[in-house]
Amino acid sequence: MPTGGLQIAHTASLRAGERRAIRTLLDAAFGGDFSDDDWEHALGGLHAVVWEGGEPIAHGAVVMRRLLHARRALRTGYVEAVAVRADRRRRGHGNAVMEGLERVIRAAYELGALSASDAGAELYAARGWRRWKGRAWVMAPDGLRRTEGDEGSIQILPVSVALSPDVDLACDWRDGEVW
């Protein structure tokens, strides 16, 4: 495992022990409220991990999703599983993780998006993310379905596309939390 600093790596490049250590960090950081679906959502993209003494102390991932807006399917860098170990919070590790993920988003996607917890919303706002003020939907197997309960938590980081809050935003379907 890396001994220190920020690592940006694709899921496929992380060794099994590194993935287990990251999952352990996420389970602890989310107080047991991190499901197998949440873990699945974080896989298959790029991970930003801060390592200290061979252990992960901060993590975030960006995966590709399609968000539908104004009749366009936008290539979106969707941020997942952002967490900092409890005893390392408020030391800039969350910002380091987000800086790495945002670098990827700006280089490869039209838009960044995430669903923020109340605790995390302040970090994202300070970094220039904006709360989505329009209506939100999911492209479910049975058609478009409104996701009103998620509308206050969706954050966006426009890169090469302008979004209008007067036009709905819909995410692609997945198991578990859709946003």
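Please refer to the structure higher up on the page.
How each quantity is defined
- Residues numbered from 1 in each chain as written.
- Predicted model: local features only at pLDDT ≥ 70, side-chain atom pairs only at ≥ 80, totals over all residues.
- Heavy atoms only, no water.
- Salt bridge = Lys/Arg side-chain N within 4 Å of Asp/Glu carboxyl O.
- Helix = DSSP H or I, 4+ residues; strand = E, 2+ residues; numbered from the N terminus.
- Buried < 20%, exposed > 50% of the residue type's maximum accessible area, 1.4 Å probe, protein only.

Caption draft 1: Representation of the pattern of salt bridges in the model. Summed over all chains, the structure comprises 15 salt bridges. Ionic pairing is found between Arg135 and Asp168, a salt bridge with its closest N-O pair at 2.8 Å. Here the residue Arg135 occupies a position in the loop between strand E6 (130–131) and strand E7 (136–140), and Asp168 occupies one in the loop between strand E9 (154–158) and strand E10 (169–172), the gap between them amounting to 33 residues. A relative accessible area of 24% places Asp168 in the partly exposed class. For Arg146, the salt bridge goes to Glu151, with nearest N and O atoms at 2.7 Å. Exposure remark for Arg146: the relative accessible area of 30% places this residue in the partly exposed category. Overall, Glu151 belongs to the buried group, its relative accessible area being 15%. Linked through salt bridges whose partners overlap, the residues forming this network are Glu52, Arg85, Asp87 and Arg88.

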